[in-house]
Amino acid sequence: MSQRSSSTFENECQKPFALSSVFRPGLFEGRVAIVTGGGTGIGKAIAKELLFLGCTVVIASRKKDRLASGAEEIRTWLTHTGQQATLHVLQCNIRNEEEVKSLISTTVLTYGKLDFLINNGGGQFISNTAEIRLKGWNAVVETNLTGTFLMCREAYNQWMKHHGGVIVNMAMDMWKGSPLMGHSGAARAGVVNLTKTLGVEWAQSNVRVNCVAPGSSIVSPTAAANYGDLNVFDGIGATIPMKRTGTVEEVSSAVCFLLSPGASFITGETIRIDGGQSFYTTPTYSLPDSKPTDKYSWQSCFDAEGPEAAKSKL
Ligand SMILES: CCCCC/C=C/C(=O)SCCNC(=O)CCNC(=O)[C@H](O)C(C)(C)COP(=O)(O)OP(=O)(O)OC[C@H]1O[C@@H](n2cnc3c(N)ncnc32)[C@H](O)[C@@H]1OP(=O)(O)O
Ligand SMILES: NC(=O)C1=CN([C@@H]2O[C@H](COP(=O)(O)OP(=O)(O)OC[C@H]3O[C@@H](n4cnc5c(N)ncnc54)[C@H](OP(=O)(O)O)[C@@H]3O)[C@@H](O)[C@H]2O)C=CC1
């Protein structure tokens, strides 16, 4: 079997506009999508790929400046691809119910429909759970779980209930717990569960709801900046069975597959995009040194309590 070397692949990718999707051009022509967090990182890659495939895309997030610079980059890129598609920018904090309602209604009013919702916007900060203040806990849970719920509910009630559609949610590698990201792990586990529920409840409306779960390994400058350390992804590749970090394109193509007719019998599912990391036992969080914890056995109780106490229980 011939094996393409990684350097060949890198060279291909350095031709920035030659390769923009593994899917066929025009696949999403006539479709309308909302991508939250579409101005940066993974969301920006999803927006680009959808546009490349002919979809009209609304990107939405909290910060005007991030949206504006993301949109400028996307438009320049789109021009170079030679493809024509519409990109629309709307400000929205997914934690705010009124803003979410308005994002969906503006999209439906402007473009007459809403086919795809990609709930990519989200995130968290790093902290031992014992040190998380209630405001910080609430901020992360509202962003990742409540924000996803609000977006799904409004997309469904305002459009998809009567017209069908596809939703893709965002989780993370929280399968074995999330040391130092307890708030986000709990919220994303909720998102995975919500995805299953909605997949069942909304099947009757021809709405599919799925989710992607990237490992803590998808390199983007904005994600790194969020942790105040541009090198935060260094060293992570070595802990992954595939021996490398992931790319934003590798998340985007999974999202596009889930949106496509090729996934038309898939709903309620979460796809891991983590190079096998979540199935591998090497911990990314090292436990602090501590003495062995207390063991339970009848003999140890007898030893601890002494023969008289044990006899008195007979
Ligand atoms: C280690 C490698 C990991 C690689 C894997 C990457 C995974 C990813 O998910 S990458 C995505 C990264 N991007 C983001 O996380 C962006 C979105 N995140 C945020 O905006 C914040 O983290 C947020 C969700 C907490 C929302 O922030 P904000 O809008 O400012 O929220 P509030 O003003 O309502 O509340 C802030 C509240 O939260 C606590 N807090 C925030 N940051 C920290 C921090 N760095 N350390 C400790 N606590 C923090 C704090 O309680 C804040 O309230 P105040 O105390 O009043 O400031
Ligand atoms: N990179 C990785 O390794 C992993 C990433 N993820 C998840 O993937 C998603 C994208 O992350 P990534 O691109 O890497 O990082 P980014 O920090 O670049 O993306 C986060 C995006 O979410 C938007 N956002 C955050 N809070 C809100 C909000 N309340 N309302 C609307 N938009 C919001 C941000 O825009 P703005 O600031 O303008 O609001 C930003 O565009 C996130 O949910 C992230 O947690 C999950 C696992 C691993």
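Residues numbered from 1 in each chain as written. Chains lettered and ligands numbered in written order. Predicted model: local features only at pLDDT ≥ 70, side-chain atom pairs only at ≥ 80, totals over all residues.

A. Quick look at the site of ligand 2. Taken together, 31 residues are adjacent to ligand 2, and Gly37, Gly41, Gly121, Gly122 and Thr222 come closest. Of all the secondary structure elements, the ones that give two or more residues to the shell around ligand 2 are α2 (41–52), α5 (134–163) and α7 (221–226). (Near = placed C-beta within 6 Å. Helix = DSSP H or I, 4+ residues; strand = E, 2+ residues; numbered from the N terminus.)

B. View of the packing of α2 against helix α3 (residues 64–81). It is at 10 Å that the axes of α2 and α3 come closest, and there the two elements cross at 35°. α3 is crossed by α2, and the crossing has right-handed handedness. Here α2 contributes Lys44, Ala47, Lys48, Leu51 and Phe52 to the contact with α3, which in turn contributes Gly70, Ile74, Trp77, Leu78 and Thr81. For the contact of α2 with α3, a count of residues per class yields 6 nonpolar, 2 polar and 2 charged. (Axes fitted to C-alpha atoms, helices over the stretch in contact; angles between N-to-C directions. Left-handed = near helix turned anticlockwise from the far one by under 90°. Contact = placed C-beta atoms within 7 Å. Nonpolar A, V, L, I, M, F, W, Y, C, P; charged D, E, K, R; others polar.)

C. Just the packing of helix α4 (residues 97–111) against α5, in detail. Contact geometry of α4 with α5 gives a least axis separation of 9 Å together with a crossing angle of 40°. Here α5 runs oblique to α4, going by the angle between their axes. Relative to α5, α4 is oriented so that their crossing is right-handed. Of the residues in α5, those in contact with Glu97, Val100, Lys101, Ile104, Ser105 and Val108 of α4 are Leu150, Met151, Glu154, Ala155, Gln158 and Trp159. For the contact of α4 with α5, the class distribution of residues is 7 nonpolar, 2 polar and 3 charged. (Parallel < 35°, antiparallel > 145°, perpendicular 65-115°, else oblique.)

D. Spatial organisation of the nonpolar core. Counting 66 residues, the largest nonpolar core has Leu51, Val57, Ala155, Val212 and Val255 as its most contacted members. In terms of residue count, α5 provides more of this core than any other element does, 9 residues in total. Apart from residues lying up to four places away in sequence, Val255 is in contact with Ile46, Ile118, Val168 and Val212. (Core = buried A, V, L, I, M, F, W, Y, C linked by C-beta atoms within 7 Å. Buried ≥ 20, exposed ≤ 12 C-beta atoms within 10 Å, placed from the backbone.)

E. Region of interest: unusual backbone geometry. One non-glycine residue, Leu180, lies in the positive phi region at around 75°. When you line up the elements, Leu180 lands in the loop between β5 (165–170) and α6 (182–201). Positioned with a positive phi, Lys243 is a non-glycine residue whose angle comes to about 60°. For Lys243, the location among the structural elements is in the loop between α7 and α8 (248–259).

Remember, this is a structural readout, not a statement about activity or role.
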